[in-house]
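# Architecture at a glance
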Amino acid sequence: MSTAPSADQAAVPYWTVGDVRVHRVDEVALPAATGSWLLPDATPDLVAGQPWLRPHFADDEGTLRIDSHTFAFTVGGSRILVDTGIGNGKERANPAWHDLRTDFLQRLTAAGFPPDSVDLVILTHLHADHVGWNTRRENGKWVPTFRNARYLTSRTEREFWAGYDMEEARRQMFRDSVFPVEEAGLLDLVDVPAEGLEAVPGLRLLPTPGHTPGHLALELTSRGRTALITGDCIHHPVQLAHPAVGACVDIDPERSEASRRELLGSLADTDTLVLGTHFAPPTAGRVVTHEDTYRLLPVPAGTARLR
Ligand SMILES: [Zn+2]
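For the structure given in this document, a descriptive report is provided here. (Residues numbered from 1 in each chain as written. Predicted model: local features only at pLDDT ≥ 70, side-chain atom pairs only at ≥ 80, totals over all residues. Heavy atoms only, no water.)

### Digging into the nonpolar core
Ranked by size, the top nonpolar core spans 62 residues in total, and within it Leu39, Leu108, Phe146 and Val287 carry the most contacts. Elements represented by at least two residues in this core include exactly strand 2 (20-29), helix 3 (104-110), helix 4 (128-131), helix 6 (168-183), helix 7 (238-241), helix 8 (253-267) and strand 16 (293-298). For this core, the leading source of residues is helix 6, giving four residues. Not counting chain neighbours up to four residues away, the residues in contact with Phe146 comprise Leu81, Thr84, Leu105, Leu108, Pro115, Val118, Val121, Trp133, Asn134, Tyr151 and Leu186. Grouped together as the second largest cluster of nonpolar side chains are 25 residues, Phe73, Ile80, Leu216 and Leu218 included. (Core = buried A, V, L, I, M, F, W, Y, C linked by side-chain atoms within 4.5 Å. Buried < 20%, exposed > 50% of the residue type's maximum accessible area, 1.4 Å probe, protein only. Helix = DSSP H or I, 4+ residues; strand = E, 2+ residues; numbered from the N terminus. Contact = heavy atoms within 4.5 Å.)

This is the structure:
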């Protein structure tokens, strides 16, 4: 497992969107095997056919780079996190997610978001690598990490999993990372109509179903500038060139592809800054038309030393 530098050494990457500074808070770079497992149709040959993916998003062998991180920003007076990564000390079947010991919370604090200061945690969907830091272990018990925050996800998402015949590993994830937040009365379920819903002024939830039924992307607007957080509607920039490439864990692959194509069509050749939930650094960019589809024009982060 590769590790990022310690929080003490780390400069915190951010992008400016109007008046808003969107920070990327790194959790972990996922192992090389993740890409071929997650996106099996993104073969080394297919990746090699898109030289713009190198060196940031793929290596010379055509192996995809995939990261886990959170976005943190303040908008409309609310201090917000989008997704909470894998978490520490969680018992997971996937060895890359099992029993992590990262200094994510120190990084989050270094970015200016100590856990108790967070107002709102938005969960794009309820998969293990998006809800992990919802909780942390205290005296042998899983308790909400962000005890002063409301947590928010779509009602469709929560209800889908409530009716799903879960395997034990998934039940475990709900037990350690979702139920404790619900039992503390901190989880809000929202109905998100097709045209989207404003969660707080300047931040819209966009239904992008397929990866999961209630999956949300997020659109942030400030002073005429717009950013889009992908969630898992797009896992990797290779899917800009090949929107038909889906994830092995998509609940509805066709719907997922349709959501991805629709989203990419709306972003293409606009000024919108796309922030990829699993994109390796530089993580952000603009979607531009390329041959019959698209590519990502990376936009590097600025860095701030905040402590
Ligand atoms: Zn994910």
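So much for the structure itself; the text now carries on.
### Remarks on the coordination of the zinc ion
At 2.1 to 2.2 Å from the zinc ion lie its protein donor atoms, namely Asp129 (OD), His130 (NE2), Asp232 (OD) and His278 (NE2). Relative to the metal, the four donor atoms surrounding the zinc ion lie at angles of 84 to 161 degrees, and the coordination shape comes out irregular. Sequence spacing of the donor residues for the zinc ion, all on one chain, is D-H-x101-D-x45-H. Placement of Asp232 in the loop between strand 13 (225-229) and helix 7 and of His278 in the loop between strand 14 (273-275) and strand 15 (284-290) is noted, with a sequence separation of 46 residues between them. Assessed through its relative accessible area of 3%, His278 is described here as buried. (Donors = N, O, S within 2.8 Å, 3.2 Å for Na, K, Ca; no water. Tetrahedral: all angles 85-135°; square planar, octahedral: opposite > 155°, others 65-115°.)

### Some remarks on the side chain of Ser68
Its place among the elements puts Ser68 in strand 3 (residues 67-75). Among the polar contacts listed, one links the side chain of Ser68 to the side chain of Glu27, at a separation of 2.8 Å. Leave out the neighbours within four places in its chain, and Ser68 touches Asp26, Glu27, Val28, Leu30, Gly85, Ile86 and His278. (Polar contact = N/O pair within 3.5 Å; in protein donor to acceptor, adjacent residues only side chain to side chain.)

### Quick notes on the sheet that holds strand 14
Strands sit in the order 10-11-12-13-14-15-16 across an open sheet of seven strands; the sheet is mixed. Edge strands, defined here as strands with exactly one partner in the open sheet, are strand 10 (197-200) and strand 16. In this sheet, adjacent strand axes meet at a mean angle of 35 degrees when their direction is disregarded. Looking at chain direction, strand 14 and strand 15 are connected through two bridges and run antiparallel. Bridging across to strand 15, Leu275 finds its partner in Ala284. (Pairing = 2+ DSSP bridges. Axes fitted to C-alpha atoms, helices over the stretch in contact; angles between N-to-C directions.)

### Looking at the packing of aromatic side chains
For the coordinates displayed, the defined rule picks out nine aromatic pairs. Relative to Tyr164, the ring of Phe160 has its centre 5.3 Å away and its plane inclined at 50 degrees; by these criteria the two rings are tilted. Using a relative accessible area of 30% as the deciding quantity, one classes Tyr164 as partly exposed. Judged by centre distance (6.3 Å) and plane angle (50 degrees), the rings of Trp161 and Phe174 are tilted. A residue pair is termed long-range when its members are at least 10 positions apart, and Trp161 in helix 5 (residues 155-162) and Phe174 in helix 6 qualify at 13 residues. Trp161 sits in the buried class, given a relative accessible area of 0%. Owing to a relative accessible area of 0%, Phe174 belongs among the buried residues under this scheme. What links up through ring pairs into an aromatic cluster is the set Phe160, Trp161, Tyr164, Phe174 and Phe179. (Phe/Tyr/Trp six-rings, centres within 6.5 Å; stacked < 30°, edge-to-face > 60°.)

### Some thoughts on the environment of Thr63
Tracing the backbone through its elements, the reader meets Thr63 in the loop between helix 2 (44-48) and strand 3. A relative accessible area of 24% means that Thr63 is categorised as partly exposed. Note: C-alpha distance between Thr63 and Gly35 (28 residues apart in sequence) is 6.8 Å. Contact partners of Thr63, with chain neighbours within four places excluded, come to Ala32, Phe57 and Ala58.

### Quick word on the side chain of Arg158
Secondary-structure assignment places Arg158 in helix 5. The contacts of Arg158, once residues within four sequence positions are left out, are Leu126, Phe174, Val178, Phe179, Glu182, Leu187 and Leu189.

### Structural notes on the pairing of strand 4 (residues 78-82)
Summarising burial for strand 4: four of the five residues are buried, a large majority. Sheet analysis places strand 3 next to strand 4, joined by five bridges and oriented antiparallel. Note on strand 4: the bridge partner recorded for Phe71 is Val82. If you look at the hairpin formed by strand 3 and strand 4, you'll find two residues sitting between the two strands, and Gly76 has a positive phi there, around 55 degrees. Bridge count for strand 4 against strand 5 (residues 120-122) is three bridges, and the pairing is parallel.

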